Protein chains: 2
Amino acid sequence: MEGTAEKRGPAATVAAERLAALRAELDRRGLDGFVVPHADAHQGEWMPARDARLAWLTGFTGSAGAAVVLGATAALFVDGRYTLQAEAEVDGALYTRCHLVREPVADWLPGALAAGARLGFDPWLHGLDEAARLDTACAAAEATLVAVDDNPIDAIWADQPPPPTAPAVPHDIAHAGKSAADKRREIAAALVKQGLDAAVLTATESTAWLLNIRGRDVPCVPVALAFSVIHADGTVDLAIDPAKVDDALGAHLGAAVRVGPPDGFGGVLDALGAAGRKVLVDRAVTPEWVRRRLSAAGAEIVRGRDPSALPRAVKNAVEIDGMRRAHVRDGAALCRFLAWLGGAGGAAAGGELTEIAAAARLAEFRAAGEHYAGPSFETISGAGPNGAIVHYRVSPATDRRLEAGMLYLVDSGGQYLDGTTDVTRTIAIGAAGEEERRRFTQVLKGHIAIARARFPAGTSGSQLDVLARQFLWADGVDYDHGTGHGVGSYLRVHEGPQGIATRPNAVALEPGMIVSNEPGYYKTGAFGIRIENLVVVVALDGPPGAEREMRGFETLTLAPLDRNLIDTALLTADERTWIDTYHARVRDTITPAVDAETAAWLDQATAAL
Amino acid sequence: MEGTAEKRGPAATVAAERLAALRAELDRRGLDGFVVPHADAHQGEWMPARDARLAWLTGFTGSAGAAVVLGATAALFVDGRYTLQAEAEVDGALYTRCHLVREPVADWLPGALAAGARLGFDPWLHGLDEAARLDTACAAAEATLVAVDDNPIDAIWADQPPPPTAPAVPHDIAHAGKSAADKRREIAAALVKQGLDAAVLTATESTAWLLNIRGRDVPCVPVALAFSVIHADGTVDLAIDPAKVDDALGAHLGAAVRVGPPDGFGGVLDALGAAGRKVLVDRAVTPEWVRRRLSAAGAEIVRGRDPSALPRAVKNAVEIDGMRRAHVRDGAALCRFLAWLGGAGGAAAGGELTEIAAAARLAEFRAAGEHYAGPSFETISGAGPNGAIVHYRVSPATDRRLEAGMLYLVDSGGQYLDGTTDVTRTIAIGAAGEEERRRFTQVLKGHIAIARARFPAGTSGSQLDVLARQFLWADGVDYDHGTGHGVGSYLRVHEGPQGIATRPNAVALEPGMIVSNEPGYYKTGAFGIRIENLVVVVALDGPPGAEREMRGFETLTLAPLDRNLIDTALLTADERTWIDTYHARVRDTITPAVDAETAAWLDQATAAL
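As the structure is a prediction and not an experimental result, all values here were calculated from the model. (Residues numbered from 1 in each chain as written. Chains lettered and ligands numbered in written order. Predicted model: local features only at pLDDT ≥ 70, side-chain atom pairs only at ≥ 80, totals over all residues. Heavy atoms only, no water.)

Student: How would you summarise the overall build of chain A if you had to cite specific residues and measurements?
Tutor: The number of helices and strands found in chain A is 19 helices and 28 strands. Taking 2.2 N^0.38 as the reference for a compact globule, 609 residues should give roughly 25 Å; the C-alpha atoms of chain A span a radius of gyration of 25 Å, in line with that estimate. The principal-axis extents of the C-alpha atoms in chain A amount to approximately 70 × 55 × 45 Å. The buried share of chain A, taken over its 609 residues, is 56%. Of all intrachain contacts in chain A linking residues separated by at least 6 positions in sequence, the fraction that spans at least 24 positions is 71%. Here chain A displays about 22600 Å² of accessible surface, and carbon together with sulfur accounts for 52% of that area. Across chain A, 59 positive and 78 negative side-chain charges occur, with their mean positions spaced 3 Å apart. (Helix = DSSP H or I, 4+ residues; strand = E, 2+ residues; numbered from the N terminus. Rg over C-alpha atoms; globule rule 2.2 N^0.38 Å. Buried < 20%, exposed > 50% of the residue type's maximum accessible area, 1.4 Å probe, protein only. Contact = heavy atoms within 4.5 Å. Areas by Shrake-Rupley, 256 points an atom, 1.4 Å probe, with all protein chains shown as cover. Lys, Arg positive; Asp, Glu negative; His and termini not counted. Charge placed at Lys NZ, Arg CZ, Asp CG, Glu CD.)

Here it is in C-alpha cells:
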C-alpha cells in the first residue's frame, strides 16, 4: 500500500532543480560528490524539520536512508521497508535505487567513484564508525573523503526551517527519581574507574537523562537539542541555545553545569585536547566532527559506548512506579477507544469508520489523561491489508474503512511526564476467519511465552527471542522484525542497549529495564497481527531449590486482548490461566478509571475464557 | 572430586627445578619472561606429547591453560573447570593462580611486566588475535614482546618426546563422498570470488578434509600433522614429514598437490610474498609465525576464517549416510553395554562395578564394531557425585563404585571410518530419587525441544539454545556448558563454526551440519545428568500454508533413555509421543545388530511409556 502513498516530496521537476542546484554548489566548492544521510548531529530517530535534507532533496520521507550525489549519477539507499515508498516518492531517472542494508553506501562507493575524486560529507551527520567506512571506501577508489565546514544543502535550501527554539525545562525529581547531581556523580565514578577524564554525550536523550531536563525540539521525543561533556570530577559542560535556558532551568542545573552556546562546544573540546585528556566517545552516534576536533586539539580518544546508555536503561523505583501509573492512564484511554470502536453498535459496526478517524479518536482519549505530553510515535492504524505493512503510516491516499471481516491493527503510544507507553492491539471487525484466529493465537502464545519467561541473571534478550517465534515456526511462518525494543522513561520510545531480537545482542536483561513484547504475523495483501505490551524486568524469588538468581518480566500495559481472535483449543492450561489472570488485572485496574459504558464493555472483554 | 586427583605432573621439587632451568635459559637468551600456552602449532584440542610443554613445566594436565614465567614471579592461568585440579597438581608457591577467562594473560601482563622488560613467546604456538593481544599488553607496560626462534622449553626438556611418525593414509571416497580434486576446485573458486590468491590452512582437520587424508599423530583425532596452502588455481602446497607419505598416498594426492617437508613451509610462504599475493589467514588459529613470515616476504594478508571450516561443517550425502551407519554400530555397542550394566542381575547390581571397569567394558563393545578406529575423546564415566563434574576424567584415585541410589553418567564416542560419534546416557543404579527424576525429566524435555525444533533458514544455534534450558529455568536451575557443538566426519569431535550455546554465534544451521544436543544438570557433590544425542540439520517440508524455507533436526544417536528416570507426569502428550517414537526406532534399528540377551533387554528398555 505504500506504493500508492501520497507524494510528500517535491514534484519531479522540483527534485531535478534541487539536484542540479546541489551539483552546481558542489562544483563551486571543488567537490565531485556529496553524501546526504537521513540524520542530524544527534543521530536521533526523530529530527527537527531543518535537518530533513534527504527529504527536501530527493522527496523520500522514510525514517532511514541516504543519498549520494555525484557529477553524472546519484543514488538513493533505502531498506526493504521503504522500497515501494521510495519508488512512489522519488524519480528513478534522477536517483538509482540501492538497498541500504545489502549494498550500503560504503560498499557502493568504490565502484562509483573515479580515482582522484573528492567526495564531500558533513562530519556532523555521520557517526565515527560510519565515517571510517566512508573513508575506507574512498581510499579503495583512490578518491578523497572531504569534510565540509558547512552543509552545501543548507546553502541552496532557501526556505530551510530555522532551528527549533522551544524552551528546555527541568524534569521533576518526582518523576526522574534520582537527582542530576547523583547521576553526574555516578557517571563520573564510572569514568574514573575506567581511567577516563571525560565523556562526550551527543544523543539528546543522554543529556536529557543526565541533567534531568526535557524539551520540545523534535516530534515524539521530549528533548532539547544539546551536547554535553561530563568530566571525571562530576561537572558538565552543556552546549545549548541560550534562548532555551531560563533562570529556573539555570537554577535547576546548578553551578556544576557550565552552560554555553552551541558554537562554544568546539572550544570545550579544544580545552580537553589542550589538557591532554582521555575522552570517551560513542562509536556509533558521536559525530565524526567531534572526533576530528578532539584529535586536532590533542585529546586521547577512546571509542566505546555512551556511558549514560546502560544506567538510563535500568530504571529506578520511582521511574518504574511512574511507568506503572502512566500505563493505567494509557490503558484507560485505550480501553475507552476499544469500547467506542467495538462495543455494541460501536463506531466500527457501520463499516464507515476509517483508519485516520480511528487514530484521531484514540489520540483524543489519550490527550485527556493526566501528565500527557503527546504521542511517543506516529500511530500505526491499519485495516485489512494495510495492517500487513509493518511500518504503515496512514495518509489520505491510503486511508481505508474498517469493514466486517477485516483485522484492524493499531500501534500507538503516549509520552507522559511519568512514563512512555507503546502498545499494539489487533481487533477483529465483525467475525474473524479461521486463519486469522489460528495466527493470532500463535502470536499470543509467543507473547505469553515471553511474558512468563524465567531466566537466570546474565541472560540477554536475544536468548529469549525464539520463545516468541516457536509456535509460528511450527507452522512454517515468522515475522521480520524484532520481538522487543528498550523504552525510555519520558524519553525515546526506542532506546537500547537491551532488546529482544534474532540479531545477537549480549546486553543482559537487568531488573528495571523496560522492553516491548511484540511478536506479530503479517500476510501481505491480507492482514496483519501484532500483540504488544511493555514489560519491566524484575528479580524473581526462585521456587524452593532454586540455585540461580532469576529474572522475569512484569507486564506494564493494561488493555484486553480480543477474545474473538483467540482459538482456545490451541492453548495450554497455563496459557489460559495467564490470559484470564491478565484480563482480571486489566479489569480491576482500569474499571475505576473509566466511564460506566467502557466499564461494561471491559467486563465482557475481560471475561474468563 | 578433582581436588583429590592423582598428581600426574612432577613432584614439587621437580617442578621447582624445571622452573629454575627455564629461568636460567631465559637469562641466557636475554629474556625477562616467557609465555607457555597449552597449544601446538595447529591450535589443536588434542596435541602430540612433545607439545605438552605446559604440563611438563608446571604439572598441570588440563585441556586448556597457560603459564607466564617472569624473573621473580610465575602465574598459571586456568578456567573454572580446572580450578581444583590446578590446586592439586601445581605448587602454589611456584605459580600464582589466575582465572584464564576473567583475567586472561593479556589482562594480567600490564600489571606484572616492568617497563623495558623483554617478554618472549613462541610465535608458532599463538594465533594471530592472541599474539596481537600480547603485543598490546606489552606495549601498555612499555615492555617488548619478543618472538623466539626456538622454544626455550625444548632446550631444557632432555627427554622431550620426538614428533609423531605415524603414516598418513588416503581417506576413501566411499566415506568422504567428494574427491579432493572437487574440494580443491570449490575452495579455489571461493578464493577467486573474494579476490584472494591463496589461503593458509594450519588446523590439521582442514588439510585432512581438503585432501581426503587421515593419520594417527594425535590422540582421538585421526589426523596427520601438516600445513597446507591452497592457491586460487586449485593447487596445494602440502608441508608434511616425508616419512608419512608413501607411494600410495603420493598417488592419491596427485600432481596438483606439491608435497614438501615441514621446514619447507616457510619457503612456500616466502614465494607467496615474493609474488605479492593476497593471502587469507584464520584470525584465531593461524600461528603468528605464519603472519610474520608472509608479511616479511611482502604478501598482502587478509585476516578471516579458514575457508574449509564451513564446507567441512556441511556434510555431503555420503558423509551423512556414513554417520547414520556408524551410529547404528555405535548404538549397538552402547546398547550391549547398557544391557550388560543394567539388565537383570547386571554388572551394576552387585555394587562392586567401578567407573574404570565400566568404561573399559564399553570400549570393548565399541572395538568390536566395523570401521572402528578408536575413541573420539576420553570417556567420561562418573558415578554419583563424580557425575556432577562436567569434565570428569576418571583415575585410579577417584574411581568410584556404582552403588544403588546413584546416577551413573557415561559420555563417550567413537571414531569410525564412516563417522564420528558422541553420546551421553545417564542411568539410575537401583531406584532413583524424586529430585533426580524431576531434573532428568526437565533435561529430557529440553533435549526433546531441540530435537523437535522447526526453524527458518538462517537461524543460528544460539537462537535455539533457550529451548533446551527453559524447563530447568522454570525451577531456577541451569547448566554451565553449551547445549551443542559441531562434530566432524571421521575428524574432530568438536568442530565449528556452528554450535548451540548461550554465547552469540551468528552461523546459520544449514542442512548437513551435525551438532550435539546435550542439555544437562549438575548438583555438586550429589549427581550429574546429561542426555546427549547427535543430530543432523535437515530441510523440512513445511506444513500446508508454510511461507518460509524451514529446517529441523534428524536424531542420529540410537540408544534408550533410562525409563526409570522419566517422570511421565511432567511430560506433554507430544513429548511422550516423541520418546515412544524414538524408542521404537532405536529398538527396530538396533535389535538386528545385537545378541538375543541385549535384544530382550532392549525390548523392555524401549517399551512405550
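Student: Could you give an account of the packing of helix H11 (residues 265–274) of chain A against helix H12 (residues 288–297) of chain A, with specific residues and numbers?
Tutor: Residue and element names in this part refer to chain A. Packing of H11 against H12 brings their axes to within 7 Å, and their N-to-C directions diverge by 40 degrees. Classified by the angle their axes make, H11 and H12 are oblique. For the pair H11 and H12, the sense of crossing is right-handed. Counted together, Phe265, Gly266, Gly267, Leu269, Asp270, Leu272, Gly273 and Ala274 of H11 and Trp289, Val290, Arg293, Leu294 and Ala297 of H12 form the full contact between these two elements. Broken down by class, the residue content of the contact of H11 with H12 amounts to 8 nonpolar, 3 polar and 2 charged. (Axes fitted to C-alpha atoms, helices over the stretch in contact; angles between N-to-C directions. Parallel < 35°, antiparallel > 145°, perpendicular 65-115°, else oblique. Left-handed = near helix turned anticlockwise from the far one by under 90°. Nonpolar A, V, L, I, M, F, W, Y, C, P; charged D, E, K, R; others polar.)

Student: So, helix H5 (residues 128–140) of chain A: which residues are in play, and what are the values?
Tutor: A turn of α-helix holds 3.6 residues, and therefore any two residues three or four places apart point the same way. All names here are of chain A. In this model, H5 (13 residues) spans 18 Å end to end at C-alpha, consistent with the 18 Å of a helix rising 1.5 Å per residue. Residues of H5 that are buried: Leu128, Ala131, Leu134, Ala137 and Cys138. As for H5, its buried residues are in contact with helix H4 (105–112), strand E5 (118–121), strand E6 (144–147), strand E13 (278–282), H12 and strand E14 (300–304). A positive phi of about 55 degrees marks Glu142, the residue just after H5. (Expected span 1.5 Å × (residues − 1).)

Student: Report on the interface of chain B and chain A, specifying residues and quantitative values.
Tutor: Across the boundary between the two partners, chain B contributes 28 residues, which contact 28 residues of chain A. Here chain B meets chain A over a buried area of about 2300 Å², counting both sides, of which 55% is carbon and sulfur. The largest share of the area that chain B buries against chain A comes from Gln463, Trp473 and Arg548 of chain B, three residues that together contribute 26% of it. In this structure, the connection of chain B to chain A is made through 2 salt bridges. Only strand E21 (454–456) and helix H17 (461–473) of chain B provide two or more residues apiece to the side of chain B that touches chain A. Along the lines of polarity and charge, the residues of the side of chain B that touches chain A split into 15 nonpolar, 6 polar and 7 charged. (Buried area = accessible area lost by both parts, 1.4 Å probe. Salt bridge = Lys/Arg side-chain N within 4 Å of Asp/Glu carboxyl O.)

Student: An account of the confidence of the model for chain A is requested, with residue identities and associated values reported.
Tutor: Residue and element names in this part refer to chain A. Summarising the model, chain A shows a mean pLDDT of 95, and 98% of its residues fall at 70 or more. This model gives residues 1–9 a pLDDT under 50, and the stretch forms 26 contacts once residues within four places in sequence are excluded. Listed scores for the predicted complex are pTM 0.92 and ipTM 0.89. (pLDDT = per-residue confidence, 0-100.)

Student: Before we move on, can you summarise the sheet that holds strand E3 (residues 74–78) of chain A with the specific residues and values?
Tutor: Residues and elements named next belong to chain A. Taken in spatial order, the 6 strands of this open sheet run E4-E3-E2-E1-E5-E6, and their pairing is mixed. The sheet is open, and its two edges are formed by strand E4 (96–99) and E6, each paired on a single side. Averaged over all pairs of adjacent strands, the angle between strand axes in this sheet comes to 25 degrees, irrespective of strand direction. The sheet contact formed by E5 and E6 spans 4 bridges and is parallel. By the bridge assignment, Leu119 is partnered in E6 with Leu145. Contacts between H4 and the sheet are confined to strand E1 (33–37), strand E2 (66–70), E3, E4 and E5, with E2 contributing the most and set at about 15 degrees to the helix. Contacts between H5 and the sheet are confined to E5 and E6, with E6 contributing the most and set at about 140 degrees to the helix. (Pairing = 2+ DSSP bridges.)

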